[in-house]
Amino acid sequence: MFDALVLDRTDGDLTVGVRQLSSDDLPDAGPDEVHLQVLYSSLNYKDALAVTGAGKIVRGGYPIVPGIDLVGQVVESNIDILEAGDYAIGTGWQLGEVDWGGYGQHAKVDGNKLVRLPKYLTPKQSMVAGTAGFTAMLSVMALEEHEVTPEDGDVVVTGASGGVGSMVVTLLDALDYDVVASSGSEEAYDYLRERGATRIISRSALENGPDRPIETGKWAGAVDAVGGDTLATLLAQLKRHGSAASFGNAAGHELSTSVFPLILRGVNLLGIDSNTCPTPKRQVAWRRLASILDDEDFEEMTRQTIGLDEVPAASKELINEGVRGRIVVDVQA
Ligand SMILES: NC(=O)c1ccc[n+]([C@@H]2O[C@H](COP(=O)([O-])OP(=O)(O)OC[C@H]3O[C@@H](n4cnc5c(N)ncnc54)[C@H](OP(=O)(O)O)[C@@H]3O)[C@@H](O)[C@H]2O)c1
């Protein structure tokens, strides 16, 4: 028997609490199933929406063990690349939304959705990063793949104080880019400077859309959490052959722009989807994260470590007040 946080719906009411389960209670994960003893998970905004019922995150029916991220030790494996005793990471890809996720001491996961824990990353550090760090790394890799180098000039990051945005700032700084953080949270400015921002601009400087289809080129690259008119502004302000990686829609999902930045300046709009990122690229991204960030970065990014029973209260706090830094769930505590 083991502990798991179970989200259930009875008579239309959402209930959440720690229950005792046995491994027979875990849904079958298919022919390539890997059974993990889960060590850590993390609390993301998406998890908080699921746990509080504030957002429609659960798509696979109830009951469900939420948690979109997990790291654990393999107990039993039906795939060749992972064997008992190995450590593996799972993020997104329906975990905690359709499939049972990381808020249980044991989980059965489709092994094709797991990656091996990189050598220089502890299980806990992998969950300090979690989906936020992984998405941030994919965004930075997208700029690198499109030849945005530190020598090309400033890279702007929007929604910079957010979970993903602040990771992007940290990674770009560690890779010697000059990072301009765009943020609407003045109280986060010091934090952003500590994370490595060389300059900070207000959210309002970018959020109204461009005055002209092509403006003065300011940015060698951009990483955008916001979408909408902010992304339209970034596209108009990218330098020749610059690139913008779009991963979020904090301000809206619509994008009204023109093709001129693309066809007259050769700029690139790069989509980032951490959920469905293919496994080989996942493995590369996790290795890169492990090589770029050091122990101090992980310490500084950790806001708190909580147990399974503390997840419901922490979820409410995350939704109502927002939190800076990452919340790690010590599943075995
Ligand atoms: N594509 C993927 O794979 C992927 C993965 C994870 C998350 N996401 C998406 O990425 C976005 C950010 O995720 P996150 O976890 O970093 O969220 P988060 O921690 O809530 O951060 C979002 C940030 O965006 C800014 N913001 C919030 N509301 C805004 C508004 N109305 N207009 C402009 N800026 C606003 C804020 O930063 P400032 O106060 O500093 O401006 C906020 O901290 C979300 O849309 C999320 O769904 C996508």
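What counts, and at which threshold
- All chains use their own residue numbering, which begins from 1 and follows the written sequence.
- A pLDDT threshold of at least 70 governs which residues receive local features in this predicted model, and a stricter bar of 80 or more applies before side-chain atom pairs are shown or counted, although totals over entire chains, interfaces and linings include all residues.
- In this analysis, residues qualify as near a molecule or strand once their C-beta atom, positioned from backbone atoms, comes within 6 Å of it.
- The helix count covers DSSP runs of H or I at least four residues long, the strand count covers runs of E at least two residues long, and both are numbered beginning at the N terminus.
- In the scheme used here, Gly and all other residues not listed as nonpolar or charged are polar, with Ala, Val, Leu, Ile, Met, Phe, Trp, Tyr, Cys and Pro taken as nonpolar and Asp, Glu, Lys and Arg as charged.
- Paired strands, as defined in this entry, are two strands with at least two bridges between them according to DSSP.
- Seen with the strands pointing away from the viewer, any crossover whose path from the first strand over the helix to the second strand runs clockwise is right-handed.
- In these notes, a nonpolar core means any group of buried Ala, Val, Leu, Ile, Met, Phe, Trp, Tyr and Cys residues linked to one another through C-beta atoms within 7 Å.
- Exposed residues have 12 or fewer other C-beta atoms within 10 Å of their own C-beta, buried residues have 20 or more, and residues in between are partly exposed; the C-beta atoms are placed from the backbone.
- Domain limits in this description derive from either an automatic procedure or a database domain assignment.
- Note that contacts rest on C-beta atoms placed from the backbone: two residues are in contact if these are within 7 Å.

*Asks:* Would you mind going over the site of the ligand with me for this structure?
*Replies:* Close to the ligand lie 27 residues, the nearest being G159, S161, G162, S183 and G248. Mapped onto the shell around the ligand, the elements with two or more residues apiece are α2 (123-145) and α3 (163-174). Its residues assigned to classes, the shell around the ligand comprises 11 nonpolar, 14 polar and 2 charged.

*Asks:* I'm lost on the pairing of strand β10 (residues 199-202) in this one. Help?
*Replies:* Taken residue by residue, a regular strand's side chains alternate between the two faces of the sheet. Alignment of strand β9 (residues 179-183) against β10, held across 4 bridges, turns out to be parallel. If you follow S182 over to β10, its bridge partner there is I201. Following the chain from β9 across helix α4 (residues 189-195) to the adjacent parallel β10, one finds a crossover that is right-handed.

*Asks:* Mind showing me how you'd approach the nonpolar core here?
*Replies:* A general tendency of soluble globular proteins is for nonpolar side chains to be buried together. Counting residues in hydrophobic clusters, the biggest one holds 97 residues, and the most contacted among them are A88, V155, V157, V168, V169, V179 and L234. Top element by residues in this core is α2. It accounts for 11 residues. In this structure, this core is formed jointly by two domains, domain 1 (2-117 + 294-330) and domain 2 (132-271), each of which donates at least three residues. In contact with V168, not counting residues within four places along its chain, are A136, S139, V140, V157 and V223.

*Asks:* It is not clear to me how the domain arrangement of the protein chain should be interpreted in this structure. Could you clarify?
*Replies:* The accessible area lost on association of the parts is a frequent measure of interface size. When cut into domains, the protein chain gives domain 1 (2-117 + 294-330) and domain 2 (132-271). Averaged C-alpha coordinates put domain 1 and domain 2 at centres separated by 30 Å. In this assembly, 6 residues from domain 1 lie in contact with 7 residues from domain 2. Here the residues of the side of domain 1 that touches domain 2 are counted per class, giving 1 nonpolar, 2 polar and 3 charged.

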